[in-house]
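Residue-level listing of the chains:
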Amino acid sequence: MRILIVTAGSRGDVAPYTGLGRRLLAAGHEVAVAAHPPFAGLVGGCGLDHRPLPGDPRELIRTRAKAASWEETRAAMAAFLDRLADGVVAAADGADLVLTAFGPAALSRTAGEAYGIPVIGTYLAPACATREFPLAGAPGGDDLGPDGNLAAGLRLLADAGALQAGAVAGLRTRLGLPTAASQQTGADIRPVFHGFSPLVVPRPADWPPQVEVAGYWWPARPRDWRPPAELVDFLRAGPPPVFIGFGSMAPGEGERLGELVTAAVARAGVRAVVQTGWAGLVAAGDDVLTVGDLPHDWLFPRTAAVVHHAGAGTTAAGLRAGVPAVPVPAMADQPFWAARLHRLGVAPRPLPLDALTAESLGAAITTCLTEPALRRRAAELAHAIGAEDGAGAVLAHIGAVGRG
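Basis of the calculations
Residues numbered from 1 in each chain as written. Predicted model: local features only at pLDDT ≥ 70, side-chain atom pairs only at ≥ 80, totals over all residues. Heavy atoms only, no water. Pairing = 2+ DSSP bridges. Helix = DSSP H or I, 4+ residues; strand = E, 2+ residues; numbered from the N terminus. Axes fitted to C-alpha atoms, helices over the stretch in contact; angles between N-to-C directions. Contact = heavy atoms within 4.5 Å. Expected span 1.5 Å × (residues − 1). Buried < 20%, exposed > 50% of the residue type's maximum accessible area, 1.4 Å probe, protein only. Arc of directions from axis to C-beta. Phe/Tyr/Trp six-rings, centres within 6.5 Å; stacked < 30°, edge-to-face > 60°. Domains from an automatic or database assignment. Buried area = accessible area lost by both parts, 1.4 Å probe. Salt bridge = Lys/Arg side-chain N within 4 Å of Asp/Glu carboxyl O. Nonpolar A, V, L, I, M, F, W, Y, C, P; charged D, E, K, R; others polar. Parallel < 35°, antiparallel > 145°, perpendicular 65-115°, else oblique. Left-handed = near helix turned anticlockwise from the far one by under 90°.

## Observations concerning the sheet that holds strand β2 (residues 30-35)
With respect to topology, 7 strands assemble into an open sheet ordered β3-β2-β1-β4-β5-β6-β7, the strand pairing being parallel. Where the open sheet ends on each side, the last strands, each with one partner, are β3 (49-52) and β7 (211-213). Put simply, the sheet's adjacent strands are angled 25° from each other on average, direction ignored. Strand direction decides the pairing type here: strand β4 (residues 97-100) and strand β5 (residues 119-123), joined by 3 bridges, are parallel. Each residue of the ladder has a partner; that of Leu 99, found in β5, is Ile 120. Against the sheet, helix α1 (residues 15-26) touches β1 (2-6), β2, β4 and β5, its axis set at about 175° to β1.

The following block contains the structure:
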């Protein structure tokens, strides 16, 4: 089959699908990944075709951070989604099957309807409302009680649908499709496979049929990738360092955060590998090395702990490596995953990025390195997760579709 995977956002929104794509490729399918242009090298380096999606997610994050009002934010999102919609349709032309991330799911569903292509939801965070917990990104707290959890999840999905309604309606008009009878969201697609471990988020008992928790889809490593010699030398020169990186968060705040990280590392008395990310983070010191993008599956097992923004992909990489974490969430699904890490016993209490200080970060790093229970639980969980085959359930379903 000719399979298209559609995803939009930062590197963490793309990397897990390279692993799923490689498994599909090995099963004999033709696989393309539709993602923003900055990730063409990542996708192509993993042996998959890349289909470009318009829009710059980094600029969108900057715009949202600087917006003076919700109306301004909404306008920026609407413009981004309108451009994205046409890109999704162009990418889907000629495909036999579409796998979609949650963000562009309503657009992928519309493209599938226009071309007569089945669409499967492949989501990195919970995307169906449940009484067991509020969905990631829902306001109001970590646990609102069964009725409150369900109401918060439904409200979040309705808000997401409303935000995309204009883009979906415009796309349907351009494609000659009738007006949708109801607001479309990614939660309505069936089947849905969630790409995280049931040991991290067990499947809620009240989720509808054909909504599954499959297990993690581990990012593929680009075939020609080699660790930088400077990094190899740094790792060999002393005890395992702490990793510090905030992914796509805080664009333009690299200098401020770099000073904070430098002070925190000095307070904790540790060696550190600092990833620049979209913030342009740079820390100083004899025991600090700054690096760019590189495979977390290679680096994280060589560290003593990982400090990160608790995005879905980075959270998964830390769990796989079996090292304790310091979650520093900023937005969207990050507080959800940060709270999960703490509840699972592999991290101290989360430190929200907007309230982060050198003192709090230094103390949390020290806790990670001096509390044996955190490392012990991280190792136990990594061993159990390592026995799962998250891509297998997706492949089995696609195999059945192909035979049908």
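## Details of helix α12 (residues 358-370)
A rise of 1.5 Å per residue sets the reference length of α12, with its 13 residues, at 18 Å; its end C-alpha atoms lie 18 Å apart and thus fit the reference within 8%. All of the buried residues in α12 are Ala 358, Leu 361, Gly 362, Ala 364, Ile 365 and Cys 368. Taken around the axis of α12, the buried residues stretch over an arc of 165°, which confines them to a single face. Packed against the buried residues of α12 are β8 (242-244), α8 (254-268), β11 (305-308), β12 (325-327) and α13 (372-386).

## A look at unusual backbone geometry
Negative phi values dominate among residues other than glycine, just as trans dominates among peptide bonds. The step from Arg 190 to Pro 191 runs through a cis peptide bond, and the omega angle for that step is -5°. Summarising the element assignment, Pro 191 is placed in the loop between α6 (145-174) and β6 (192-194). Phi at Ala 310 is positive, roughly 65°, even though this residue is not glycine. Judged by its relative accessible area of 0%, Ala 310 falls in the buried class. Residue Ala 332 is not a glycine yet carries a positive backbone phi of 55°. Mapped onto the elements, Ala 332 comes out in the loop between β12 and α11 (334-344).

## Considerations on the packing of aromatic side chains
Summed over the entire model, instances satisfying the criterion amount to 8 aromatic pairs. A centroid spacing of 4.9 Å and a plane angle of 35° characterise the contact between Tyr 216 and Trp 218, whose relative ring orientation is tilted. Its relative accessible area of 21% is what places Trp 218 among the partly exposed residues. Relative to Trp 298, the ring of Trp 225 has its centre 5.7 Å away and its plane inclined at 65°; by these criteria the two rings are edge-to-face.

## Considerations on the domain arrangement of the chain
As far as domains go, the chain holds domain 1 (2-216 + 388-402) and domain 2 (229-386). When each unit is reduced to the centre of its C-alpha atoms, the spacing between domain 1 and domain 2 is 27 Å. With 25 residues of domain 1 at the interface, the matching set in domain 2 holds 22 residues. Buried surface at the junction of domain 1 and domain 2, summed over both partners, amounts to about 2000 Å²; 69% is from carbon and sulfur atoms. Here Asp 293 and Arg 11 are joined by a salt bridge, their closest N and O atoms 3.7 Å apart. In the side of domain 1 that touches domain 2, the residues fall into 15 nonpolar, 4 polar and 6 charged.

## Things to note about the sheet that holds β11
Judged by pairing direction, the sheet is parallel, and its 5 strands sit side by side in the order β10-β9-β8-β11-β12 without closing on themselves. The open sheet has two free edges, formed respectively by β10 (288-291) and β12, since each of these has just one partner strand. Strand-to-strand twist in this sheet, taken as the mean axis angle between neighbours without regard to direction, amounts to 15°. On top of the sheet, α12 reaches β8, β11 and β12; it is set at about 150° to β12, its chief contact.

## Points about the environment of Gln 164
Here Gln 164 lies in helix α6. Sequence separation between Gln 164 and Asp 82 is 82 residues, and the spatial gap between their C-alpha atoms is 8.8 Å. When neighbours within four sequence positions are excluded, Gln 164 is seen to be in contact with Leu 81, Gly 103, Ala 106 and Leu 107.

## Concerning the packing of helix α5 (residues 105-115) against α6
In the contact formed by α5 and α6, the axes pass within 10 Å of each other and the chain directions differ by 15°. It follows from the interaxial angle that α5 and α6 lie roughly parallel. For the pair α5 and α6, the crossing hand works out as right-handed. Along the contact surface, α5 presents Ala 106, Leu 107, Thr 110 and Glu 113, while α6 presents Gln 164, Ala 167, Val 168, Leu 171 and Arg 172.

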